[in-house]
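Examining the three-dimensional arrangement
So you can see what is in the structure, the chains are spelled out below.
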2 protein chains.
Amino acid sequence: MIKSMAEDKTGEWIAANCLPDCLFIRPSGNPFKAAEFVTFFGGDVEITEKNLIKIQKLDVGADMAYATASESAKFTYKGTPNDDPSFTVSTVWKKVGGAWKLAHGHRSTATGNDMSSWDGCV
Amino acid sequence: MIKSMAEDKTGEWIAANCLPDCLFIRPSGNPFKAAEFVTFFGGDVEITEKNLIKIQKLDVGADMAYATASESAKFTYKGTPNDDPSFTVSTVWKKVGGAWKLAHGHRSTATGNDMSSWDGCV
């Protein structure tokens, strides 16, 4: 489930598996409607690589769950290449009609991200 | 509940109301043990002002809940003043023994944060 989201380069998996009111909080704190990622990624931003490094934490409740994962991504913005070797994505999931749907996401910057900061935390 | 957390300048409220394994993801994506905020805020960082601007979203499940809020903070780092007029904090809560406890937090940068980005999102 989460592996698929981490590897979604076009936003199509997210659009198909998020709730209609799902927001994705960008590193700046500005929200983005998750269902609109397809348009976002299909415009100036082209993701060329996106990988799950590690699910750092996962906790599943009765009808809600949350996870925090380290991911990496390479993308071009208006043709200029960017490389984010690691960043953190927190997600919240809701069980709707027996299926887990993405309810909320929040992504960190890659600047200053240090994978060794997880040592002793999880 | 969330108002108290937003206004916690010392980390004491968070320490008293978080789960032992609660992590707080900093803007860089590096995690911090929430219970250790008391030490963090009592060291080089002194928060002089901290306010809740708005709870943008709140969804309460059977035993888990999540919220996203806009907050502001003024603090000094080794005596140098900083002003974060707005940023976004996503939190996950778990009901343990009848009480809601902080399970997870994720804070955005203040740089680039634009309150008008919420228009039409919530």
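Use the structure listed above.
Numbers given to residues run from 1 along each chain, matching the order in which its sequence is written. To read the labels, note that chains go from A and ligands from 1, taken in the order they are written. This being a predicted model, a pLDDT of at least 70 is required before a residue's local features are given, and a value of 80 or more before pairs of side-chain atoms are given or counted; all residues contribute to the totals for chains, interfaces and linings. Side-chain measures were taken over the full set of non-hydrogen atoms in the model, leaving aside hydrogen atoms and water.

Pairs of cysteine sulfur atoms within 2.5 Å are identified as disulfides in what follows. Taken as a whole and judged by the stated rule, the model has zero disulfides over all chains. Free of any disulfide, C22 of chain B has its nearest neighbouring cysteine sulfur in C18 of chain B, separated by 4.9 Å. Only protein chains enter the accessibility calculation, which uses a 1.4 Å probe; a residue whose area is less than 20% of its type maximum is buried, one above 50% is exposed, and one in between is partly exposed. Taking relative accessible area as the criterion, C22 of chain B reaches 2% and is therefore assigned buried. C121 of chain B forms no disulfide, and the closest cysteine sulfur to it belongs to C22 of chain A, at a distance of 11 Å.

Time to look at a nonpolar patch on the surface. Taken together, I55, L58 and V60 of chain A make up a surface patch of nonpolar side chains, about 250 Å² in accessible area. Relative to the elements of secondary structure, V60 of chain A occurs in strand β3 (residues 45-60). In this scheme, patches are assembled from residues that exceed 30% relative accessible area and form no salt bridge. Like charges are connected within 9 Å, while nonpolar side chains (Val, Leu, Ile, Met, Phe, Trp, Tyr) are connected within 5 Å. All accessible areas in this document rest on Shrake-Rupley with a 1.4 Å probe, and a residue is counted as covered only by the protein chains that are shown. Salt bridge, as applied in this entry: a Lys or Arg side-chain nitrogen positioned within 4 Å of an Asp or Glu carboxyl oxygen. The helix count covers DSSP runs of H or I at least four residues long, the strand count covers runs of E at least two residues long, and both are numbered beginning at the N terminus.

Using a 1 Å grid laid over the protein atoms alone, points where a 1.4 Å probe fits but cannot get out form a cavity; open sets with protein on both sides within 12 Å along at least 5 of 7 lines form a pocket; any residue with an atom within 4 Å of a point counts as lining. Grid points are joined across faces, edges and corners, and a volume is the space filled by probe spheres set on the points. Under the definition given, this model contains three cavities of 30 Å³ or more. The calculated volume of the largest cavity comes to roughly 70 Å³. Lining the largest cavity we find Y66, S90, T91, V92, H104 and H106 of chain A together with S90, T91, V92, H104 and H106 of chain B. Contributing elements (two or more residues each) for the lining of the largest cavity: β5 (80-96) and β6 (99-107) of chain A together with β5 (80-96) and β6 (99-107) of chain B. Broken down by class, the residue content of the lining of the largest cavity amounts to three nonpolar, eight polar and no charged. Gly counts as polar in this scheme, as do all residues outside two lists: the nonpolar Ala, Val, Leu, Ile, Met, Phe, Trp, Tyr, Cys and Pro, and the charged Asp, Glu, Lys and Arg.

Further remarks concern the interface of chain B and chain A. Working rule for contacts: check all heavy atoms of both residues, and any pair within 4.5 Å makes them a contact. Counting residues at the interface gives 40 residues for chain B and 40 residues for chain A. Of the roughly 2,900 Å² buried between chain B and chain A, counting both surfaces, carbon and sulfur atoms make up 57%. Contact with chain A buries surface across chain B, with M64, Y66 and H106 of chain B losing the most and accounting together for 18% of the total. Residue K94 of chain B pairs with D59 of chain A through a salt bridge whose shortest N-O separation is 2.7 Å. As used in this structure description, the phrase polar contact means that two N or O atoms lie within 3.5 Å; if the pair is within protein, one of them must be able to donate a hydrogen and the other to accept it, and residues adjacent in sequence are counted only when both atoms belong to side chains. Viewed at the interface, chain A and chain B are joined by 28 residue pairs in polar contact (both at pLDDT 80 or more). In the side of chain B that touches chain A, the residues fall into 15 nonpolar, 16 polar and nine charged. Simply put, the buried area is the total loss of 1.4 Å probe accessible area from both parts when two parts are fitted together.

Turning our attention to the sheet that holds strand β2 (residues 31-33) of chain B. Residues and elements named next belong to chain B. Strands are labelled as partners when DSSP assigns at least two bridges between them. Strand order in the open sheet formed by six strands is β2-β1-β6-β5-β4-β3, and the pairing between neighbours is mixed. Two strands bound the open sheet, and with one partner strand each, they are β2 and β3 (45-60). Strand after strand, the sheet turns through a mean of 25° between neighbouring axes, direction not considered. Relative to β6, strand β1 (residues 18-25) runs parallel, the two being bridged by four bridges. Across the sheet, the residue bridging to I25 is H106, located in β6. For helices, the fitted axis covers only the stretch in contact; all axes are lines through C-alpha atoms, and the angles between them, taken along N-to-C directions, range from 0 to 180 degrees.

Here we come to the pairing of β3 of chain B. Residue and element names in this part refer to chain B. Where β3 meets strand β4 (residues 64-77), 13 bridges bridge the pair, whose relative direction is antiparallel. Each residue of the ladder has a partner; that of E49, found in β4, is K74. Between β3 and β4, which pair antiparallel one after the other, the connecting turn spans three residues.

Moving on, we get to the environment of A35 of chain A. Residue and element names in this part refer to chain A. Here A35 is to be found in the loop between β2 (31-33) and α3 (37-41). Between the alpha carbons of A35 and L19 there is a distance of 8.2 Å; along the sequence they are 16 residues apart. Sequence-distant contacts of A35, defined by excluding residues within four places in its chain, comprise A15 and C18.

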